[in-house]
Amino acid sequence: MFVVNALFSPLSIASFLLLCLLLVVNNITQHYLRVRNLKRQRIDVPCLNLNGNDFEGARQLYMNDLHGLLQLGYQKFKHGIYQLWSIHGFVTIVSPDFLEELSALPTGTLDFYEATQKRMVGDFEWVTLGDHLEAHTILTDLTQQTGKLLPDLGREIEHAIRTELPDCTEWTPITVFPKMLRIVALVTGRAFVGPEMNRNEEWLHASTSFMMDVYMGGVKLRSYSHFMRPFAARFLVREIRRVWKHQATARRLLVPIMMSRSKAQMLEEDYEKPNDMIQWLMDNNAKQENPRPFARLAELHLLVCFAALHTSTLGLTHMIFDIAAHPEYATPLRTEISDAANAHGSLHTKPAFNGMIKMDSFMKESQRLNPPSLLTYSRLVMKEVTLKNGIVLTPGTYILCPAGLVSLDPDIWESPMEFRGFRFADLRCEKKENAHKYQFATVTPRAVHFGYGRQACPGRFFASYEIKSIMAGILTKFNLRVVDEKLGRPKNICSGAMVAPDEKAKIMFIRRETS
């Protein structure tokens, strides 16, 4: 009784209330300081959408008419630098003219992973998106092993098209995006988690849902104050809880596979390592000074899928829309597919795909007019930089490049608003030095949809082969057309910088008699 009375004495209650008050005051103070720091311009360049201190008006303008703002910025500062107030605070838009200079800066000066974390997650870290082990493994092992994997991927594509697309003996409307997502997930999974897991429905659900839940979780969490975000992340934003559930699924499914492989590697002298992302991450992790636990490697697989599934699914969906809207390209593409397969004995080889310059061109033209984002080259300045024009980039400056506007620049591209499926094939054939310059996976200051420099998208080479392979399979088996010729190609959905195909749009499919 004495203990109970002591616990609820007036002095103890007052102390508890005082502690609560101090915590609230501290959090409010921290929130105020964060907001004030966020609204501090870090570099001395114009901000196009901020009128006085109307930050909310600037944010609304950014969300509702970013394309218009970028057009205005490109007209005024095509070769310069300006800022916009965004949902993330100030963002600095740099001309492609600066990309060579920025990319030549010492390692650690600019950081892609920190920028991605800031853009998609925010300052309360409820998930970690960046990991150099992941990027290194994709750039080295995945790129080097793609040629060996192509036959297996070809067989998986046959299975995916057969099981995911209906027979279509008559013209049949198909909702393209979810079908492409499933096909890409199955094919990508064959390279990433191997045949023992890539068709597992739990894995397919986790890997395909992770990206959108991360994106929506970040968007919803930003609507809460900094003070409320830890509470909101755990209890109020269901997409964040889904992300954690996806991570738990990855750990439950993949950690036993890693433990089994690790044990077999130690005990079996003639053990042959599987050739997939699970094994590559395990091998590269073992070389680290502080190896990550298997649980973290399992979570990294979701990060790998985060980029791979997103890029390939968007690209394929846009290409399906474009070939349906421009059916005159189908016959020459099919001829190229057939010629490549005949010349190399099989379509699913690197030489065969490398020779398909018309398909590669069609992919690049589709991406030029339908980029995944209007803004790329996402970097956070980590160390102060003085550019050659005298502008100082201070730590914390968030950099982006207007890739979408560069792709529509009439000074760079002839008739930029016109879809010319073989535009880049023609450019590659003009001069010998153009052979590699205009490939789908090539990054230049004029083609930055995969980024630029050391931290350009490491998986773009695999994506190129994967998209070609899937598109070849679909074109060989089906004829495509738009649902309504008067309406034409399905319109894109734009939100902020994001450009996405309409996920509900349908295209008419019919199986070819020769397939």
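Residues numbered from 1 in each chain as written. Predicted model: local features only at pLDDT ≥ 70, side-chain atom pairs only at ≥ 80, totals over all residues. Heavy atoms only, no water.

Chemist: Please set out the sheet that holds strand E9 (residues 478-482) residue by residue, giving values where relevant.
Modeler: With antiparallel pairing, three strands are arranged side by side in an open sheet as E4-E12-E9. The two strands at the open ends of the sheet, each matched to only one other strand, are strand E4 (172-175) and E9. Strand-to-strand twist of the sheet, defined as the mean angle between neighbouring strand axes without regard to direction, takes the value 40°. Where helix H8 (residues 176-192) meets the sheet, its contacts fall on E4 and strand E12 (506-511), and the angle it forms with E4 comes to roughly 65°. Sheet contacts for helix H19 (residues 460-477): E9 and E12; angle to E9, the most-contacted strand, approximately 90°. (Pairing = 2+ DSSP bridges. Helix = DSSP H or I, 4+ residues; strand = E, 2+ residues; numbered from the N terminus. Axes fitted to C-alpha atoms, helices over the stretch in contact; angles between N-to-C directions. Contact = heavy atoms within 4.5 Å.)

Chemist: Describe H19, listing the residues and the values that go with them.
Modeler: Helix length check: H19, at 18 residues, gives a terminal C-alpha distance of 26 Å against a target of 26 Å (1.5 Å per residue), a fit within 8%. Burial runs high along H19: 16 of the 18 residues are buried. (Expected span 1.5 Å × (residues − 1). Buried < 20%, exposed > 50% of the residue type's maximum accessible area, 1.4 Å probe, protein only.)

Chemist: Summarise the environment of Phe-306; cite the residues concerned and give the values.
Modeler: Residue placement: Phe-306 occurs in helix H13 (residues 294-325). On the accessibility criterion, Phe-306 (15% relative accessible area) is buried. Distance from Phe-306 to Thr-163, taken between C-alpha atoms, is 23 Å for residues 143 residues apart in sequence. Not counting the four nearest positions on each side in its chain, Phe-306 is found in contact with Met-120, Phe-210, Met-211 and Val-214.

Chemist: Explain helix H3 (residues 55-64) to me, using residue names and the numbers behind them.
Modeler: Where H3 is concerned, the buried positions are Phe-55, Ala-58 and Tyr-62. One side of H3 holds all its buried residues, which, seen down the axis, span an arc of 60°. Looking at the buried side of H3, the elements it contacts are helix H4 (66-76), strand E1 (81-86) and strand E2 (89-94). (Arc of directions from axis to C-beta.)

Chemist: Just give me the short version of unusual backbone geometry, but keep the residues and values in it.
Modeler: With a phi angle near 55°, Tyr-377 is a residue other than glycine that sits in the positive phi range. Positionally, Tyr-377 belongs in strand E5 (residues 376-381). At Ser-415, a position not held by glycine, the phi torsion is positive, near 45°. Relative to the helices and strands, Ser-415 resides in the loop between helix H17 (403-406) and helix H18 (423-430).

Chemist: Run through the environment of Thr-249, naming residues and quoting values.
Modeler: When you line up the elements, Thr-249 lands in helix H11 (residues 238-267). Expressed as a C-alpha distance, the spacing of Thr-249 and Lys-358, which sit 109 residues apart in the sequence, is 41 Å. Setting aside chain neighbours within four positions, we find Thr-249 in contact with Glu-202 and Ala-206.

Chemist: Requested: an account of the pattern of salt bridges, with residues and values cited.
Modeler: All told, the structure shown has 29 salt bridges when counted by the stated rule. For Asp-409, the salt bridge goes to Lys-78, with nearest N and O atoms at 3.0 Å. Of this pair, Asp-409 sits in the loop between H17 and H18 while Lys-78 sits in the loop between H4 and E1, placing them 331 residues apart in sequence. Under the relative-accessibility criterion, Asp-409 is labelled buried at 3%. In this structure, Glu-365 and Arg-368 form a salt bridge, with 2.8 Å as the shortest nitrogen-oxygen distance. With a gap of three residues between them, Glu-365 and Arg-368 both fall in helix H16 (residues 357-369), about one helical turn apart. One network of salt bridges, with partners in common, ties together Asp-131, Arg-251, Arg-292, Arg-296 and Glu-299. (Salt bridge = Lys/Arg side-chain N within 4 Å of Asp/Glu carboxyl O.)

Chemist: Please give an account of the nonpolar core that cites residues and values.
Modeler: Of all hydrophobic cores here, the largest spans 120 residues; its most connected members are Phe-192, Leu-254 and Phe-509. Element by element, the count of residues in this core is highest for H13, at 16 residues. For Phe-509, the residues in contact, after removing those within four places along its chain, are Leu-165, Cys-168, Glu-170, Trp-171, Thr-172, Ile-174, Val-176, Ile-320, Ile-474, Phe-478, Asn-479 and Leu-480. Within the second largest apolar cluster, 19 residues are counted, among which are Leu-70, Ile-93, Leu-380 and Val-499. (Core = buried A, V, L, I, M, F, W, Y, C linked by side-chain atoms within 4.5 Å.)

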